[in-house]
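# Descriptive structure summary
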Amino acid sequence: MSGLSLREKLSILADAAKYDASCASSGAAGRNSLKSKGIGSTEGSGICHSYAPDGRCISLLKILLTNFCIYDCAYCINRSSSNVRRARFSVDEVVRLTLDFYKRNYIEGLFLSSGVIRSPDETMAEMVEIARRLRIDHSFQGYIHLKTIPEASDELIEQAGLYADRLSINVELPTDEGVKRLAPQKKPETIRVSMANLRLKIEEKAEPTLQTKRKQRFAPGGQSTQMIVGADATTDAEILTTSSRLYSGYKLRRVYYSAFSPIPDSSSALPLIRPPLMREHRLYQADWLMRFYGFEKDEIVAAQPNGMLDLEIDPKLAWALANRHVFPVDVNRAPREMLLRIPGIGSKVVKRILDIRRYRRLRLEDVGRLCVSIAKVRPFIIADGWSPGGSTDALNLRQRLAPQPKQLSLF
Amino acid sequence: MVSYSVTLAGETDFAGWRDAARRLVLNDVQPQDIVWQTQASADLFGAGGVPLPELPDGKILNVPREFVDIAEGVICHRDPARFALLYRLLWRMRDEPHLLKIASDPDVAVLREMAKSVRRDIHKMRAFVRFVRIGEGEDERYVAWFEPEHYIVERNAPFFIRRFTGMRWTIFTPHASADWDGEKLSIGPGATRSDVPREDTSNELWRTYFSSIFNPARLKVKAMQAEMPKKYWRNLPEASLIPDLIKGADAAARKMLETMPTMPAPHHAKIQERVWKKASEEEVPEVASNLAELRAQADGCRRCPLWRDATQTVFGEGPENAKIVFVGEQPGDQEDLAGRPFVGPAGRVFDEVIEQAGIDREKLYVTNAVKHFKFVPRGKRRLHQKPNAGEVSACRWWIDNELKMIRPELVVAMGATAAQSLLGKAVPITRMRGQTVTREDGLKVFLTIHPSFILRIREKEEARAERGRFLKDMQAVAKLAA
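This part is about the overall build of chain A. Summing up its helical and strand segments, chain A has 15 helices and 10 strands in all. In terms of C-alpha radius of gyration, chain A reaches 24 Å, essentially the compact-globule figure of 22 Å for 411 residues. When the backbone C-alpha atoms are referred to their principal axes, chain A occupies close to 75 × 55 × 40 Å. Classification of the 411 residues of chain A by burial places 52% in the buried group. For chain A, the share of sequence-separated contacts (at least 6 apart) that also reach a separation of at least 24 residues comes to 68%.

Quick look at the overall build of chain B now. Helix and strand counts for chain B come out as 18 helices and 14 strands. By the compact-globule yardstick of 23 Å for 482 residues, chain B is too spread out, its C-alpha radius of gyration being 38 Å. Evaluated residue by residue, chain B yields a buried proportion of 36% over its 482 residues. For chain B, the proportion of contacts with a sequence separation of at least 24, taken over those separated by at least 6, is 69%.

A word on the interface of chain B and chain A. Frequently, the measure chosen for interface size is the accessible area that the parts lose on association. Taken together, the contact pairs 72 residues of chain B with 75 residues of chain A. Its residues assigned to classes, the side of chain B that touches chain A comprises 38 nonpolar, 16 polar and 18 charged.

Looking now at the domain arrangement of chain B. One can read the domain layout of chain B as domain 1 (4-123), domain 2 (129-195), domain 3 (203-257) and domain 4 (291-481). For domain 3 of chain B and domain 4 of chain B, the distance between their C-alpha centres works out to 59 Å.

Under the domain assignment used here, chain A contains domain 1 (6-222) and domain 2 (315-401). Here the C-alpha centroids of domain 1 of chain A and domain 2 of chain A sit 42 Å apart.

Right, let's talk about the sheet that holds strand β12 (residues 410-414) of chain B for a bit. Residues and elements named next belong to chain B. Ordered in space as β9-β8-β12-β14-β13, the five strands form an open sheet in which the pairing is mixed. Looking at which strands have only one partner, the edges of the open sheet turn out to be β9 (365-368) and β13 (436-438). Across the sheet, the axes of successive neighbouring strands diverge by a mean angle of 25°, strand direction being ignored. Direction of pairing for strand β8 (residues 324-328) relative to β9: parallel, over a ladder of four bridges. Within β9, the residue paired with V327 across the bridge is T367.

Turning next to the sheet that holds strand β8 (residues 254-259) of chain A. All names here are of chain A. Ordered by their spatial adjacency, six strands build an open sheet running β3-β4-β5-β6-β7-β8, and the pairing between neighbours is parallel. Lying at the two open borders of the sheet, with one neighbouring strand each, are β3 (60-64) and β8. Direction aside, the axes of adjacent strands within the sheet are offset by 20° on average. Alignment of strand β5 (residues 143-147) against strand β6 (residues 166-168), held across three bridges, turns out to be parallel. Within β6, the position partnered with H145 by the bridge is R166.

In an α-helix there are 3.6 residues to a turn, and that puts residues three or four apart on one side. Between its terminal C-alpha atoms helix α4 (residues 82-93) of chain B stretches 16 Å, which fits the 16 Å expected from 12 residues at 1.5 Å a residue. Lining the buried residues of α4 of chain B we find α1 (14-26), β2 (34-38), α3 (65-74) and α5 (106-128) of chain B.

It is worth spelling out unusual backbone geometry at this point. Residue and element names in this part refer to chain A. Note that the residue after F327, namely P328, is joined by a cis bond; omega there is -5°. Take P328: it is sitting in the loop between α10 (315-322) and β9 (329-330). Phi angles above zero are rare outside glycine, and E172 is one such case at about 70°. The exposure class assigned to E172 is buried, which follows from the 21 C-beta atoms found within 10 Å.

It is worth spelling out the pairing of β5 of chain A at this point. All names here are of chain A. With five of five residues buried, β5 is to be regarded as a mostly interior element. The alternating pattern of β5 places Y143, H145 and K147 on one face and I144 and L146 on the opposite face, and all of these are buried. With four bridges connecting them, strand β4 (residues 109-113) and β5 associate as parallel partners. Paired with F111 across the bridge in β5 is H145. In this fold, β4 hands off to helix α3 (residues 120-137), which returns the chain to β5; that crossover is right-handed. Running through helix α4 (residues 154-163), the crossover from β5 to the neighbouring parallel element β6 is right-handed.

So, on to the packing of helix α13 (residues 345-356) of chain B against helix α18 (residues 460-481) of chain B. All names here are of chain B. At a closest axis distance of 9 Å, the pairing of α13 and α18 adopts a crossing angle of 55°. By the angle class used here, α13 and α18 are oblique. Here α13 runs over α18; the crossing is right-handed. For the pair α13 and α18, contact is made by V353, I354 and Q356 and by R467, F470, L471 and M474, respectively.

All right, on to the nonpolar core then. Ranked by size, the top nonpolar core spans 178 residues in total, and within it L13 and A131 of chain A carry the most contacts. Considering each element in turn, this core owes the most residues, seven residues, to α5 of chain B. Formed by 41 residues, the second largest nonpolar core is a distinct cluster that contains A298, I354, Y365 and A416 of chain B.

For the rest of this paragraph, the subject is the environment of E337 of chain A. On the secondary structure map, E337 of chain A appears in helix α11 (residues 336-339). Once the C-alpha coordinates of E337 of chain A and G3 of chain A are considered, the two residues, 334 residues apart in sequence, prove to be 61 Å apart.

Per-residue confidence for chain B averages 93 on the pLDDT scale, and 97% of its residues sit at or above 70. With a pTM of 0.92, the predicted complex shows an ipTM of 0.93.

What follows concerns the pairing of β8 of chain B. All names here are of chain B. Burial of β8 is extensive: five of the five residues sit out of reach of the surface. Burial along β8 is two-sided: the residues I324, F326 and G328 and V325 and V327 are all buried. Relative to β12, β8 is paired through four bridges, and the arrangement is parallel. Within β12, the residue paired with V325 across the bridge is V411.

Summary statistics for chain A give a mean pLDDT of 91 and a share of 96% for residues scoring 70 or more. Per-element confidence in chain A ranges from a low mean pLDDT of 86 for helix α15 (residues 397-401) of chain A to a high of 98 for helix α2 (residues 91-103) of chain A.

Before going further, it helps to examine the environment of V6 of chain B. All names here are of chain B. Looking at where V6 falls in the secondary structure, it is placed in strand β1 (residues 4-8). A tally of 23 C-beta atoms within 10 Å means that V6 is categorised as buried. Along the backbone, V6 and H77 are 71 residues apart, and their C-alpha atoms lie at a distance of 18 Å. Beyond its immediate sequence surroundings of up to four residues, V6 is in contact with A20, I34, W36 and L52.

So, on to the environment of E203 of chain A. Residue and element names in this part refer to chain A. By the secondary structure assignment, E203 is in helix α6 (residues 188-206). Accessibility expressed as a C-beta count within 10 Å gives 13 for E203, which makes it partly exposed. Separated by 48 residues in sequence, E203 and K251 have C-alpha atoms that sit 9.8 Å apart.

How each quantity is defined
Chains are numbered independently. Their residues run from 1 in the order of the written sequence. Each chain is given a letter, starting from A, and each ligand a number, starting from 1, according to the order in which they appear as written. It should be noted that, the model being predicted, local features are given only for residues of pLDDT at least 70 and side-chain atom pairs only at 80 or more, the latter also being counted only at that level, while totals for whole chains, interfaces and linings use all residues. In DSSP terms, a helix is any run of H or I states spanning at least four residues, a strand is any run of E spanning at least two, and both are numbered starting from the N terminus. Between the two quantities, the radius of gyration covers C-alpha atoms and the globule rule is 2.2 Å times the number of residues to the power 0.38. Between the buried cut of 20 or more and the exposed cut of 12 or fewer other C-beta atoms within 10 Å of a residue's own C-beta lies the partly exposed class, and all C-beta atoms are placed from the backbone. Placing C-beta atoms from the backbone, we regard two residues as in contact once those atoms come within 7 Å. Following the grouping adopted for this structure description, the nonpolar residues are Ala, Val, Leu, Ile, Met, Phe, Trp, Tyr, Cys and Pro, the charged ones are Asp, Glu, Lys and Arg, and the polar ones are all others, Gly among them. For the domain bounds, the source is a domain assignment made automatically or taken from a database. Two strands are counted as paired when DSSP detects at least two bridges linking them. Helix axes use the C-alpha atoms of the stretch in contact, all axes being lines fitted to C-alpha atoms, and the angles between their N-to-C directions lie in the range 0 to 180 degrees. Here a helix's expected span is defined as the number of its residues, less one, multiplied by 1.5 Å. Here a crossover is taken to be right-handed if, once the strands point away from the viewer, the path from the first strand over the helix to the second is traced clockwise. Any angle that falls under 35 degrees is termed roughly parallel, while one over 145 is termed roughly antiparallel, one within 65 to 115 roughly perpendicular, and all others oblique. Each crossing is labelled by how the near helix is turned from the far one, with a counterclockwise turn of less than a right angle marking it left-handed and a clockwise turn marking it right-handed. In this description, a nonpolar core means buried residues of the types Ala, Val, Leu, Ile, Met, Phe, Trp, Tyr and Cys, linked to one another by C-beta atoms lying within 7 Å. Note on scores: pLDDT gives the predictor's confidence for each residue, bounded by 0 and 100.

So, in structure tokens, the structure goes:
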């Protein structure tokens, strides 16, 4: 192992990290280097510095500290029974790589995760040390996301929160049964408790302290998690149930869905499939509807046979087609909640409609200037001089709005 | 007929535009009577026109702050028509003060589109500038070549200062350059691509990272290009890898799918033996002989489906030889997170009142009739749900065993659920509160309300009165146990 060059290690340990979907660098508190005269800043919204041909944003240096691991999770490239090449960065190497990359403006910061070697505390301590050196020794003000290890001690989590912008713990799979089957050594109960503790700590530190009247710094970017989709038979309805449980219980900023992807040296416990990318996409859309459009999970999946989201059309359109009795919606009169339910209209457009309504009435062509495609919206709205007539209830409406079927070419 | 020609000092001369626009609009000069140009085009085509009118005395011009913010961005747009568009909007706003709110207005729509395009360009510059390090030690500097779509270098420079304060850097573009020497910013003339070195020692590591982080099994070339259009590629050191990565993706993914699972790695057996065998031996005993063992058993309780959505079992807490056991309904949001009973808002009321009644919480055992939190998620919150009879009865197994081990002198049932669990039937609490019922097995059960009931009363006076009645009940409990 010591014979590996830095480049070889980077190649192995980035490869080992790529199945983690999250690369977000958003949500951090505003920070810059004007005072410290060092480097680094975060200004709320993240920046994607590059994109790989898999369409995923590259915002952070996403690596593992090591891919040696005592766990044997079937879906994971780093499981202990896998024959992948193993490597391990030194603390110093990660610090240097992060700073060197940051100074070239390749990245927003570091997303550090790790296989668990020896004990959870030992691994977590090294990760925290990397964050500490970046923040304290190098006054690095960029983004730091640490993947915390559920079993790590309270003090280490406390320190991690002090240096990191975001902490995350992966729930791995949507159901406890799935975790038990595919990741037999992981304890879903422990993962839940760790997320609960993180939420309590984030809330506790958000209160100003009695002595200093100032908020303590603790993971200002909140916590997130990821689950793998398609590695077992869990339905979308069950997945979204888990998501709404996670959002409501642990105040997660994001739940990431990662389409199960084949890995090198795969385990026989897993299906040999191409990653269900469209399913992943629909889950993100449904997740969005729950968080920003006032949809409840049950509404989204109610009309879906077998609890699976429609792959052909997006979940908002699917809901509208199944609930045509609430349409058409009058854009000049309907409340915000109803405007948000119109297919093809996003929350920004809704805000603009409400702004315009204060001063004048909208015609169909006005709405057309606000949204991307009026064709999708037209059957669902009433505007000045426009009524969809029978088209809202037309039997072939779905056919007219669904994208033309085409051969999916994922490979 | 054109009467005025305005020549701005440069492409981003907002101050110049603002001064001219103010004079013109206050002198009622119509948009179609003005030609806007920059110094560069004036040099080519000549200035012409008549001098700008003076500001009329005593007249002032008010515009929404939002317009100034948008205009400062839009002035950086490369479209030569932007100056006239801004003036037209300024002109129209005299009669239509809310014009900017009408996003469907064609002029406003163009303005918003321009503002968006500039914002996007600014964002992409922050993303795709690539610095190259030149010089060592004292002479270390970072330089970059970037080709923005609009005239955004000056507007964007403060961002790079905030981020790279401790570095000395220069960003060159065809239109202008920005230089930061660690103390101050200088805006200089444009440059050409060949003026800026391109090779950096870190490029190779970055390229290694780029190709390793790519997952060939999920090729989405369109998604990549939507966010990273090809026009940026020639200045990105990693972009030259893209065609080969795409070409090889299919084969790489196929190989992963087709490779048969191999034998476990050699170290796997050792890890299994050393780490996991030991762990699996620390099993929970099947019959609990004390509270700690009972608690460990309850951790994995699957007697009803409530565990599925809750975080954890919230077991009772307190000394094994407690004289009084308090039983509530079920853990709430806070209890579920903390894993301890009575730590939420109702728990705080409980603590205050029993302290007033002279009961020492340290000596009590507190627990719940149902040990998992039952709720429905509503957006970012969890709404408490009353446990049903089936759940109460499934969980009675635990409370029975807790009581068997503690053998208290008195049990206090707080609320209907606790009473139902302890007495095996529904009891009208409001009518029977303050009374003690003796069970067939001789256990004395004191009935009272659940402290969360006090919190749910909206009327302040009524809540205070209820709290008083609860205190009276607790004083009775203190007496019974004395």
